[in-house]
Amino acid sequence: MARVVELSYYPVKGCAGTSVREAPLTPAGLAHDRSFMVVSEEGVYRTQRRNPLLAVIRPRITPDGDHLTLTAAGTESLHLRVDTSGTRQKVDLFGTAYQGIDQGDDAAHWLSDLLGAPSRLVRVPPEHDRVTDGLTAGTSGYADSCALHVISRSTLDLLDRRMTDRGAGPLPLDRFRPNLVVDGWDDPHTEDRAHRLRIGGTELAYAKLAIRCAVTLVDQHTGTRAGPEPLRTLATYRRARQGGIAFGTKYAVLRPGTVAVGDEVEVVGWGESEL
């Protein structure tokens, strides 16, 4: 029987995640997931691709979403009251224009000092109506694309074995920044074909493969790029037909609710892999 064994959400895009035992699942994913984003002074998104130090920032948000704390080693923590009603401004995420609510000069100064580049913090406005792509349309906050990123333990174990065979050794799970990890699927990459999932009272539908980027090269504890793995090994067996290296799957939320570690993951619809 397949079950959820890990749940994580990432309040600030590109920053460290928060592991939880249970979380509300909204149409946009786990509650508070990627609801904030660090941007340049011009409103252009920042991610670990160009700003790997984002990884060392550990956000904590209260369950009601009213207060956000940012911490990083060697610097004083920043405590913010979240603004959800301020002036909207245009922000750029992968060339698409969205709206964001600026969270003030204190956050801007704290982030700019840490990252060594002028930066500001914005929040998704309540009326955010983004539509995500893939086989099943959905929505999300400032995630790269879809609401939920899912990986199975057998998929990770296969990669660990292949990297070990190449003399590289295994990598920690946090390199892949999943929202949900499933154990109990014997075949690696079952998530490629599991196109409809029921978890507790929630339901997910397959959107697309997760195409991996340079973020997987970043040590999530030091905020430094740490070599060619895992992309070098993944390139030997996970090249997608439409380009890129695929590892894990993105899902849209069909039925919101609550998900918890230990919940059964039932596949109620299968499909062909897009690899």
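The shown structure was predicted, so the numbers you read here are calculated from the model rather than taken from an experiment.

The rules behind each value
- Residues numbered from 1 in each chain as written.
- Predicted model: local features only at pLDDT ≥ 70, side-chain atom pairs only at ≥ 80, totals over all residues.
- Heavy atoms only, no water.
- Buried < 20%, exposed > 50% of the residue type's maximum accessible area, 1.4 Å probe, protein only.
- Helix = DSSP H or I, 4+ residues; strand = E, 2+ residues; numbered from the N terminus.
- Pairing = 2+ DSSP bridges.
- Right-handed = clockwise from strand over helix to strand, strands pointing away.
- Axes fitted to C-alpha atoms, helices over the stretch in contact; angles between N-to-C directions.
- Phe/Tyr/Trp six-rings, centres within 6.5 Å; stacked < 30°, edge-to-face > 60°.
- Lys NZ or Arg CZ within 6 Å of the ring centre and 35° of its normal.

**Looking at the pairing of strand E12 (residues 148–152)**
Turning to step 1, where the next piece is worked out: Judged by how many residues are buried, E12 sits mostly within the fold: five of five residues are covered.
Turning to step 2, where the next piece is worked out: Neither face of E12 is left uncovered, since the one carrying Leu-148, Val-150 and Ser-152 and the one carrying His-149 and Ile-151 both have all their residues buried.
Turning to step 3, where the next piece is worked out: With three bridges connecting them, E12 and strand E18 (residues 245–255) associate as antiparallel partners. Note that in E18 the partner of Leu-148 across the bridge is Tyr-251.
Turning to step 4, where the next piece is worked out: Judged from the three bridges that link them, E12 and strand E13 (residues 180–183) form a sheet pairing that is parallel. Paired with Val-150 across the strands is Leu-180, a residue of E13.
Turning to step 5, where the next piece is worked out: Note on the crossover from E12 through helix H2 (residues 153–165) to E13: the handedness is right-handed.

**A word on the sheet that holds strand E7 (residues 67–72)**
Turning to step 1, where the next piece is worked out: In spatial order, the strands read E6-E7-E8; together these three strands make up an open sheet with antiparallel pairing. With one partner strand each, in any of the chains shown, strand E6 (58–61) and strand E8 (75–81) form the two edges of the open sheet. When strand polarity is set aside, the average angle formed by the axes of neighbouring strands in this sheet is 15°.
Turning to step 2, where the next piece is worked out: As paired elements, E6 and E7 share four bridges and run antiparallel to each other. The residue bridging Arg-60 from the neighbouring strand is Thr-69, located in E7.

**Section: unusual backbone geometry**
Turning to step 1, where the next piece is worked out: In this structure, Pro-230 follows Glu-229 across a cis peptide bond, with omega equal to 15°.
Turning to step 2, where the next piece is worked out: By the element assignment, Pro-230 lies in the loop between strand E17 (224–225) and helix H3 (231–234).
Turning to step 3, where the next piece is worked out: Residue Arg-34 is not a glycine yet carries a positive backbone phi of 50°.
Turning to step 4, where the next piece is worked out: Here the phi dihedral of His-189 falls at roughly 65°; this positive angle occurs in a residue that is not glycine.
Turning to step 5, where the next piece is worked out: Inspection of the secondary structure puts His-189 in the loop between E13 and strand E14 (194–199).
Turning to step 6, where the next piece is worked out: Using a relative accessible area of 9% as the deciding quantity, one classes His-189 as buried.

**Some points on the packing of aromatic side chains**
Turning to step 1, where the next piece is worked out: According to the stated counting rule, one finds three aromatic pairs in the structure shown.
Turning to step 2, where the next piece is worked out: Geometrically, the ring pair formed by Tyr-206 and Tyr-251 is edge-to-face, given 6.3 Å between the ring centres and 90° between the ring planes. Residue Tyr-206 is found in strand E15 (residues 202–212), and its partner Tyr-251 is found in strand E18; the two are separated by 45 residues along the sequence.
Turning to step 3, where the next piece is worked out: By relative accessible area, which is 1% here, Tyr-206 ends up buried.
Turning to step 4, where the next piece is worked out: The ring of Phe-36 carries Arg-123 above its face, with NZ or CZ at 6.0 Å from the centroid.
Turning to step 5, where the next piece is worked out: Here Arg-162 stacks its cationic end above the ring of Tyr-237, 4.0 Å away from the centre of that ring.

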